[in-house]
Amino acid sequence: MFQPSRWLVNGHLQTVYSPLLRRRAALSRHRERLTLQDGDFIDLDWYGPEGPQVPCALLLHGLTGSASSHYIVGQQLALAAMGWQSVAVNWRGCSGEPNHRARGYHSGASEDLADIVAQLVARAPQKPLAAVGYSLGGNVLLKYLGETGEQCPLQAAVAVSVPFRLDHCADRISQGASRVYQARFLRDLRRYVENKRHAFEAQGREEELARLSALQSLEGMRTFWDFDGRVTAPLHGFASAAEYYRRCSSAYFIGSIARPTLVIHSSDDPFVYPHSVPPSGEWASCVTLELHAQGGHVGFIEGTPWRPRYYLEHRVPHWLAAQIAVHGAVS
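Residues numbered from 1 in each chain as written. Predicted model: local features only at pLDDT ≥ 70, side-chain atom pairs only at ≥ 80, totals over all residues. Heavy atoms only, no water.

Draft legend 1. Spatial organisation of the overall build of the chain. What the chain contains, in helices and strands, is 10 helices and 10 strands. Here the C-alpha atoms of the chain give a radius of gyration of 19 Å, agreeing with the 20 Å that 2.2 N^0.38 yields for 331 residues. Counting only C-alpha atoms, the chain reaches 50 × 45 × 40 Å along its principal axes. Per-residue burial for the chain yields a buried fraction of 57% across its 331 residues. Averaged over its 32 positive side-chain charges, the chain has a centre that lies 5 Å from the centre of its 30 negative ones. (Helix = DSSP H or I, 4+ residues; strand = E, 2+ residues; numbered from the N terminus. Rg over C-alpha atoms; globule rule 2.2 N^0.38 Å. Buried < 20%, exposed > 50% of the residue type's maximum accessible area, 1.4 Å probe, protein only. Lys, Arg positive; Asp, Glu negative; His and termini not counted. Charge placed at Lys NZ, Arg CZ, Asp CG, Glu CD.)

This is the structure:
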């Protein structure tokens, strides 16, 4: 059971410790560029033992993160130590190079996850495959699990610090000290769009550049409602931010999940209201909700200042291994 560090006394400290103070481990990973159905690309970073029967975990990062985020790298090391292979997804435009389409990634981009999973299963149909999603990646994962139901090719899944209701999350992060996170996210998201615009100009991608140029101004955006209304919604086929939130919030898909799934969440998550966590009656029976009083957002740090311990890097691999051992291959 998770025992939060006494020196990280609230959700904010649990949230910011790793991004600010954790040393980044150096991994020798193999990068693969995967072509998606629409001709765009996603970069995958592979690590760990190989083989057609070696279990593999697909890792999905959060908003403005990447496969180099601390929680992804730490999880890849933990999985490898258990004998698992892992592949860390860089959502569109998150690998250090702008993607080729005006569209990017967002909290409901389950079509991209479905494309990735389908390609991995096609090349190694006997390989046990699971997925772990963090924050935005967790929302995408739960949505995908609900959409695919009994047809889902994954054998097990874990979702951490999920923004179950995107509208609630957009409101919560604009309040109190959480506005610091909002400002940082909006700064990085603006840079994401601007970098893509510059790349399209240099590459002569006129049609995609025109789509970006048709957006409303990026200036003066103060909330996620602003960004998602001006950028996310028009680029991805939603009429408004409200429609995007309604159609992509994972809370509306969790009742249709049909694969063993663990959801790890904290009541002091500074991005998510406690009341945004769906009540027990709305979850599918195969889902286990592990709700902690403390842990912050993708924090869950135990131990002492001189020897911190990362709960997710113990809990997630062992839970996945138990599911694969018990349930075997999905037919």
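The discussion continues.
Draft legend 2. Representation of the pattern of salt bridges within the structure. Going through the model one piece at a time under the given rule, you end up with 22 salt bridges. Notably, a salt bridge pairs Arg92 with Asp112, separated by 2.8 Å at the nearest N-O pair. Placement of Arg92 in the loop between β4 (85–90) and α3 (110–123) and of Asp112 in helix α3 is noted, with a sequence separation of 20 residues between them. We classify Arg92 as buried; its relative accessible area is 2%. (Salt bridge = Lys/Arg side-chain N within 4 Å of Asp/Glu carboxyl O.)

Draft legend 3. How the structure looks around the nonpolar core. Judged by nonpolar contacts, the single largest core of 68 residues is most densely connected at Leu58, Trp91, Leu113, Leu142 and Leu154. In terms of residue count, the dominant contributor to this core is helix α6 (residues 179–203) (seven residues). Leaving out residues up to four positions away in the same chain, Trp91 has contacts with Ile42, Leu60, His61, Tyr105, Ala109, Asp112, Leu113, Leu136, Gly137 and Val140. (Core = buried A, V, L, I, M, F, W, Y, C linked by side-chain atoms within 4.5 Å. Contact = heavy atoms within 4.5 Å.)

Draft legend 4. Quick look at the packing of aromatic side chains. Applying the stated rule across the entire model yields 12 aromatic pairs. Aromatic side chains Phe2 and Phe300 sit 5.4 Å apart centroid to centroid with 70° between the ring planes, which places their arrangement in the edge-to-face category. Pair noted here: Phe2 is in the segment before α1 (11–21) and Phe300 is in the loop between β8 (287–292) and β9 (301–304), with a separation of 298 residues, a long-range link. A centroid spacing of 5.3 Å and a plane angle of 45° characterise the contact between Phe238 and Tyr244, whose relative ring orientation is tilted. Accessibility assignment for this pair places Phe238 and Tyr244 in one class, buried. (Phe/Tyr/Trp six-rings, centres within 6.5 Å; stacked < 30°, edge-to-face > 60°.)

Draft legend 5. View of α1. For α1, the complete set of buried residues consists of Gly11, Gln14, Thr15, Tyr17 and Ser18. Seen along its axis, α1 keeps its buried residues to an arc of 155°; they face one direction. Residues of α1 that are exposed and point over 90 degrees away from its buried face: Leu20 and Leu21. Buried positions along α1 lie against α2 (70–81), α6, β9 and β10 (307–310). (Arc of directions from axis to C-beta.)

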